[in-house]
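Fold and contact review
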Amino acid sequence: TQLPDGYSILLADDSTEYIQNELRINGFRSLFSLLILMVFVLLISRSFRYLLLISLSIVANLIIAVVFYYFFNLDIHIYSLAGITVSFGMLIDNSIIMIDHIRYRGNKNVFLAILAATLTTIGALCVIFFLKEDQKLNLIDFSFVLIINLTVSLFIALFLIPALYEKFPLKKIISKKVIRR
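A brief look at the structure comes next. (Residues numbered from 1 in each chain as written. Predicted model: local features only at pLDDT ≥ 70, side-chain atom pairs only at ≥ 80, totals over all residues. Heavy atoms only, no water.)

Some remarks on the packing of helix α2 (residues 48-71) against helix α3 (residues 78-105)
- Put simply, α2 and α3 touch, their axes get as near as 10 Å, and they point 130° apart. With respect to α3, the axis of α2 lies oblique. Seen from above, α2 lies across α3 with right-handed handedness. Contacts between α2 and α3 involve Y50, L53, I54, S57, I58, N61, L62 and Y69 from the first element and I84, F88, L91, I92, S95, I96, I99, D100 and R103 from the second. (Axes fitted to C-alpha atoms, helices over the stretch in contact; angles between N-to-C directions. Helix = DSSP H or I, 4+ residues; strand = E, 2+ residues; numbered from the N terminus. Parallel < 35°, antiparallel > 145°, perpendicular 65-115°, else oblique. Left-handed = near helix turned anticlockwise from the far one by under 90°. Contact = heavy atoms within 4.5 Å.)

Take a look at the structure:
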């Protein structure tokens, strides 16, 4: 059969265009989710120094994580980008907990709680390693990216956050209300 001029039939799927489009979309989702998280941090803290501490911890976390991606020979693809996007919230959470504890208590004693919560999440991700091969194939890079990001975030929370807090101290907020339990 003949087609009118200007029309053609795509005989084979062009998977490279699909993958490039999906990577672009996931990249925008990652940046958009990071932007939303940073706006929430700024709205809640109302402090650009606080936002600076969080931003520097995220940048350091991602740079160190990329080194580990290279070291473990992880490819960045759709599932890896999804893992990075999912990990943003957890990275920020670990940083916020450490910053606030140093701010109000003046020590790093909260690290044990951060460690326990992070190891629980890492343990839950390890279930992926016991799946059938066809199911594990898609999720293995996702879990590796999350595990690397969460492990790096532990070191960021323990070492970098206190060092940054010394350079950029935050004012302690003293509430006039005393809440008794």
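Side note on the packing of aromatic side chains
- The full count for this structure, using the stated rule, is four aromatic pairs.
- Measuring from ring centre to ring centre gives 5.3 Å for F129 and F144, while their planes differ by 55°; the resulting arrangement is tilted. Separated by 15 residues along the polypeptide, F129 in the loop between α4 (111-125) and α5 (133-167) and F144 in helix α5 bring together distant segments of the chain.
- Among the residues examined, F129 registers a relative accessible area of 26% and is labelled partly exposed.
- Plain terms: the ring middles of F155 and F159 are 6.3 Å apart, the flat faces sit at 15° to each other, and that makes the pair stacked. Of this pair, F155 and F159 both sit in helix α5, four residues apart, roughly one helical turn.
- For F159, a relative accessible area of 52% corresponds to the exposed category. (Phe/Tyr/Trp six-rings, centres within 6.5 Å; stacked < 30°, edge-to-face > 60°. Buried < 20%, exposed > 50% of the residue type's maximum accessible area, 1.4 Å probe, protein only.)

Examining unusual backbone geometry
- A positive phi angle, near 60°, is found at N73, a position not held by glycine.
- Relative to the helices and strands, N73 resides in the loop between α2 and α3.
- Relative accessible area serves as the criterion here: at 64%, N73 is assigned to the exposed category.

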